[in-house]
Amino acid sequence: MSGRVIVITSGKGGVGKTTASANIGVALANTGASVCLVDMDIGLRNLDILMGLENRVVYNLVDVVEERCKLRQALVKDKRMPNLNLLPAAQTRDKTAVDADQMKKLCEELKSMFDFVLIDSPAGIESGFQNAIAGAEEAIVITTPEMSAVRDADRIIGLLEARKDEITQYRLVLNRIRPKMVANADMMGVDDVLEILSIKLLGVVPEDEDIIISTNKGEPVSGTDNTRSGLAFRNIARRLRGEEVPFMDLDAKTDTWVTKIVNFFNPVRV
Amino acid sequence: MSKIAIISQPDQGVLIDVGGCASMQEAVSHLSSTLQVSSQFWKGVNVALNLGDLELTSTQVAHILALAKGVGVYPYQVFAQQPLTRGALLEHGVVLGDGKPMTLPAMTIKVPENPQDEDWVDESVNVDEESTVTVFYEPSENQLITEDVQQDGPEIQVDFEPKEEAPAPAQAEKPSKSAKTKEKLEGSVHAGVMYLRQTLRSGQSVSHQGHLVIIGDVNPGAEVVAEGDITVWGALRGIARAGVGGNNDAEIRALRLQPIQIRIGESFARSPDKNRLHYDNHHGPETARVVDGKIKVFKFNPQF
């Protein structure tokens, strides 16, 4: 088996890399693919918390790289889906604990075991980011519709373009968009962001309070049926698998009394 | 970052420099990887040590010296800038160097990041009466948690009705147990108790070869490791590993025992899968120990 190694990155912190990694991972696993999530944010590990697997972590990525354990021993199986695995980061070390060559080797090994290897990159463009993209063949760039996040995403895309030979495909996920603010011209819309970044769009995820609840619970929203953001992440997973899925209609949603009633009876409208 | 450098005066030998390290933890890990590069390397070499601005207590200095001794290195001179460290070194009868060490910069050798590349474990050096010098917990094959255990380890019972004190049989075993513990600790290079008056935050880690006492909290994401018991005068919310090296009689106790994971000897337990937004529910001081191969939590009984 030769799987796909996809790095999830953003440049800016706090735009939702880890949330997206967890949700896309869960959504991909729901489609039946075998998935391994790799937390590369060594020293600031969070992915295990979002997945609700913190209490099951015994070994971590650094233990594998330094050969204190076998790769299989470090993989934490998800409690809901057996085809979803997590390779947690070390919390008591820092970014210098691994290097690019070690990551390449690790990704090669994971690729042979899983259909999808999703690498959650740390924020920044320094060694942590460089290690995260070292073994990747595709990239998902996450941004929010804010000037600063878009600026940083642009920088990241530039760095990814410089590695065209290794990273053959990079697509954008626009996270935390608020259709109402876009309609009022208070926020950049999908078109505005694409105008600047001019890369292929993989998905649009609306701002959703359910994300906060799911983060605290350790249950990614894409595993549950009735959330807007969860549906968005499931669509992203389907597009990653090559399906043609139309983008959500996020235009001009100023609430009228008609839409309010429709929303009331159909809360999962996206 | 640790460095090996040649001292500038002729015939002065080699300097191991861990002065650039930010913490005791880091210094010890660099030092152990430097020292264990090769067993033959240090034979007949004059070695000096630079601790730079590290603030180390007497216990920590003893630790470092034990580590060096384990591979046959007896530093003839140690450089340190902090008064606390210098005092501690004098206590252990170490010759202090004057000021900062002078080295030949051109000869600076960077120690490989990954000690596995070199002959990391040399049987002839490590396997003798000094074999306990390995400060950090190196899980060996027989200590590995199997995949089954990792997935479905027994849940720590802190969130259930706490049980009353252990039944009589467990108490009866007590005397032999403490004797055994004592024997084990006396056999290690640096036994005894390490006190730490500090709250350990996420990412911080402390390990000790004897008993470990933390006056403060151990937050989620922090890790405490000891060959003996672990006592936390505060809330234990991170990971605790007591009895590392196979001492199943070790105990973990805390004023608030709310860990993510604990391990005692070869036993393993994890917290229940539930929302951990609030930590206000607790049962008062509790002790975790191994009963019939499983970790159980008991209300703390001072007479015990």
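First, a word on what this report is: a plain description of the structure on this page. What you are looking at is a predicted structure, and each value in this text was computed from that prediction instead of being measured.

## Some points on the pattern of salt bridges
All told, the structure shown has 21 salt bridges over all chains when counted by the stated rule. R68(A) serves as the salt-bridge partner of E66(A), at 2.9 Å between the closest nitrogen and oxygen. A salt bridge links R178(A) to E207(A), with the nearest nitrogen and oxygen atoms 3.4 Å apart. On the criterion of sequence distance, the pair formed by R178(A) in the loop between β7 (169-177) and α8 (179-183) and E207(A) in the loop between β8 (200-206) and α10 (209-217) is long-range, its members being 29 residues apart. Within this structure, R56(A), K79(A), R270(B) and D273(B) form a network of salt bridges that share partners.

## Some details on the environment of I211(A)
Residue and element names in this part refer to chain A. Structurally, the position occupied by I211 is in helix α10. Residue classification places I211 among the buried positions, given a relative accessible area of 17%. Between the alpha carbons of I211 and T227 there is a distance of 9.0 Å; along the sequence they are 16 residues apart. Excluding anything up to four places from it in sequence, I211 contacts T19, N23, V221, S229 and F233.

## Concerning the sheet that holds strand β1 (residues 4-9) of chain A
All names here are of chain A. Strand order in this open sheet of eight strands is β3-β4-β2-β5-β1-β6-β7-β8, and the pairing throughout is mixed. This sheet does not close on itself; its edge strands, each paired only once, are β3 (76-77) and β8. Here β1 pairs with strand β6 (residues 138-143) via four bridges, running parallel. If you follow I6 over to β6, its bridge partner there is E138. Strands β1, β2 (35-39), β4 (84-87), β5 (116-120) and β6 of the sheet are contacted by helix α1 (residues 17-30), whose axis makes an angle of about 170° with β5.

The rules behind the values
- Residues numbered from 1 in each chain as written.
- Chains lettered and ligands numbered in written order.
- Predicted model: local features only at pLDDT ≥ 70, side-chain atom pairs only at ≥ 80, totals over all residues.
- Heavy atoms only, no water.
- Salt bridge = Lys/Arg side-chain N within 4 Å of Asp/Glu carboxyl O.
- Helix = DSSP H or I, 4+ residues; strand = E, 2+ residues; numbered from the N terminus.
- Buried < 20%, exposed > 50% of the residue type's maximum accessible area, 1.4 Å probe, protein only.
- Contact = heavy atoms within 4.5 Å.
- Pairing = 2+ DSSP bridges.
- Axes fitted to C-alpha atoms, helices over the stretch in contact; angles between N-to-C directions.

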